[in-house]
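# Coordinate analysis (summary)
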Amino acid sequence: MTNNAVDSVKLHVNQISLRFGGIRALNSVDFKVPKGSIFAVIGPNGAGKTSLINSINGFYRPQEGSIIFDGTDITQLPPYRRAKIGISRTFQNIALYTNMTTLDNLMAARHIHMKSNMLTGALFIGAAKREEVEHRRKVEEIIDFLEMEGIRKTIVGNLSYGLRKRVELGRALALEPSLLLLDEPMAGMNVEEKEDMARFILDIHERQGMTIVLIEHDMGLVMDISHRVVALDFGQKIAEGTPDEIKRDERVIKAYLGQEA
């Protein structure tokens, strides 16, 4: 492989296997995510999709194989280290600080970029004050981008489900990632909310050139916005290709899309 080919790969999931006791959640799963692409992972319930995302961001550690990010093996790094080097995620089940405002949830995500020590932070002087202003500016940009001005000071627990999903996306962006992992970002949303979320995902990709790995059950959405798709079933990769190729793959049709009558 040429250096240019290596440089074009953002993430290489390299033959990873993950077991929980006698249960094999992932079995020698291997694929490469091109830099700057929207890469979708599909499969029926129990296929291993969330286990895969948890392995990429460090919540789980595969017993076999490796995770290569920007050419570096990160398999042994804990989740907070992976966040620091540019990997962030949303969760299938929303994981926000429900007693805090939208603004405070996004500010909390900025802590990995903060350099002030405890004393200067407590006194809020000098560099600490300048740093706080800069972090607030970045957060306000995200609030504006995701059209959350009207809920910036609203307690997250009082928001609708769809808006909380949007706040969670904002919190992931506040980490300033170069790889964004989205675990079913549209689950439980109505049609209008799904359309808004799809628009935001496309805008993130187009404006920032961000690499996105997406788990989603809405096949229409996956086929519309993804550049490449990998399909899992019972923890194994059964297909990989463009959306058009995946739609025609007999293994995917049988395992996930359903046989035609």
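Thresholds, definitions, all that
Residues numbered from 1 in each chain as written. Predicted model: local features only at pLDDT ≥ 70, side-chain atom pairs only at ≥ 80, totals over all residues. Heavy atoms only, no water. Pairing = 2+ DSSP bridges. Helix = DSSP H or I, 4+ residues; strand = E, 2+ residues; numbered from the N terminus. Contact = heavy atoms within 4.5 Å. Axes fitted to C-alpha atoms, helices over the stretch in contact; angles between N-to-C directions. pLDDT = per-residue confidence, 0-100.

Judged by pairing direction, the sheet is antiparallel, and its 4 strands sit side by side in the order β2-β1-β4-β5 without closing on themselves. What marks the edges here is a single partner per strand, and that holds for β2 (23-34) and β5 (72-73). The sheet contact formed by strand β4 (residues 64-69) and β5 spans 2 bridges and is antiparallel. Along β5, the bridge assignment pairs Ile 68 with Asp 73. Its contacts with the sheet place helix α2 (residues 49-57) against β1 (9-20), β2 and β4, and it is angled at close to 115° to β1.

Next up on the list: the confidence of the model for the chain. Counting all residues, the mean pLDDT for the chain is 87, and 87% of those residues have values of 70 or more. The low-confidence segment residues 117-121 (pLDDT under 50) makes 3 contacts with residues lying over four places distant or belonging to another chain.

If you trace the 6 strands from one edge of the open sheet to the other, you get β6-β7-β8-β3-β9-β10, paired in mixed fashion. Looking at strand neighbours, the two that pair on one side only are β6 (87-89) and β10 (236-241), the edges of this open sheet. Ignoring strand direction, the axes of neighbouring strands in this sheet form an average angle of 20°. One ladder, built from 5 bridges, connects strand β7 (residues 179-183) with strand β8 (residues 211-215); its direction is parallel. Bridge pairing in β8 links Leu 180 to Ile 212.

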